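So you can see what is in the structure, the chains are spelled out below.
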Amino acid sequence: MQQELKARMTNPAYVFPEAVPAIQELIKATRQGGVPESTLELVHLRASQINGCGFCVDYGAKSARKNGVSDEKLFAVAAWREAPYFSDEERAALALTEAATRLADTSDAVPDEVWDAAADHYDEKQLAAIVLMVGVTNLFNRLNVTVRQPAGTGL
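Residues numbered from 1 in each chain as written. Predicted model: local features only at pLDDT ≥ 70, side-chain atom pairs only at ≥ 80, totals over all residues. Heavy atoms only, no water.

Notes on a negative patch on the surface
Threshold: Each patch is assembled from residues with relative accessible area greater than 30% and no salt bridge, linking like charges that lie within 9 Å and nonpolar side chains (Val, Leu, Ile, Met, Phe, Trp, Tyr) that lie within 5 Å. Here the accessible surface of atoms and residues is derived via Shrake-Rupley with a 1.4 Å probe, and residues count as covered only by protein chains that are part of the display. We define a salt bridge as a contact between a side-chain nitrogen of Lys or Arg and a carboxyl oxygen of Asp or Glu at a distance within 4 Å. Note on charges: Lys and Arg go in the positive column, Asp and Glu in the negative column, and His and the chain ends are not counted at all. In this description, the location of a charge corresponds to atom NZ of lysine, CZ of arginine, CG of aspartate or CD of glutamate. Strands are runs of DSSP state E lasting at least two residues, helices are runs of H or I lasting at least four, and both sets are numbered from the N terminus onward.
Together, Asp108, Asp112, Glu113, Asp116 and Asp120 line one region of the surface with negative charge. The topology assignment puts Glu113 in helix H7 (residues 112-121).

What follows is the structure, given as structure tokens:
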């Protein structure tokens with residue numbers, strides 16, 4: 001018998017509705033940086049996988065599919081290093097995503113080689129969009145994981 005999953009509380013972003021417009025503006029800003037929408041979707045999905053945010057993984061996979069990410073990429077994003085489906089640009093964005101999400105895993109959280117590889121493919125505005133997407137995704141992940149927001153539910 002499947003246990004009904006229920007959030008511990010209303011999502012904090014909705015307890016403080018004045019926070020929602022600011023968060024939405026951050027998301028909107030990431031879309032203005034010139035990074036393909038599909039790449040931003042992969043960034044969101046990979047950070048959410050790392051953080052174990054079921055709600056964001058579910059939402060992110062559905063959003064990525066709507067934005068043209070292939071099933072092959074969706075199924076392989078957790079193993080992007082070994083999968084042939086990703087471009088060099090996407091790989092650089094995913095490596096930056098992983099480093100910026102796993103800040104406590106190493107003393108040099110975002111090593112120069114990861115940053116430089118991303119900078120080889122993206123200009124400063126694009127890098128800013130990716131970093132903002134990683135940051136806002138990590139914010140969502142921390143909110144949803146803490147309150148145990150179930151996957152597949154609306155907020």
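Continuing now.
Let's talk about a nonpolar patch on the surface
Filter applied, for reference: Exposed residues in this analysis have more than 50% of their type's maximum accessible area, buried residues have under 20%, and partly exposed residues fall in between, with area computed by a 1.4 Å probe over protein chains only.
Residues Met9, Val15 and Phe16 make up a contiguous nonpolar surface patch of roughly 290 Å² in combined accessible area. By the element assignment, Met9 lies in the segment before helix H1 (12-15). Residue classification places Met9 among the partly exposed residues on the basis of a relative accessible area of 44%.

Brief notes about the nonpolar core
We count it as follows: Buried residues of nine kinds, namely Ala, Val, Leu, Ile, Met, Phe, Trp, Tyr and Cys, make up a nonpolar core once their side-chain atoms join them within 4.5 Å. Any two residues having at least one pair of non-hydrogen atoms within 4.5 Å are treated as being in contact.
In this structure, Phe86 and Ile130 are the most contacted members of the largest nonpolar core, which totals 31 residues. At the level of elements, helix H3 (37-50), helix H5 (71-76), helix H6 (88-101), H7 and helix H8 (124-147) are the ones that each hand at least two residues to this core. Apart from the residues lying within four places of it in its own chain, the contact partners of Phe86 are Leu42, Lys73, Ala76, Val77, Trp80, Arg91 and Leu94.

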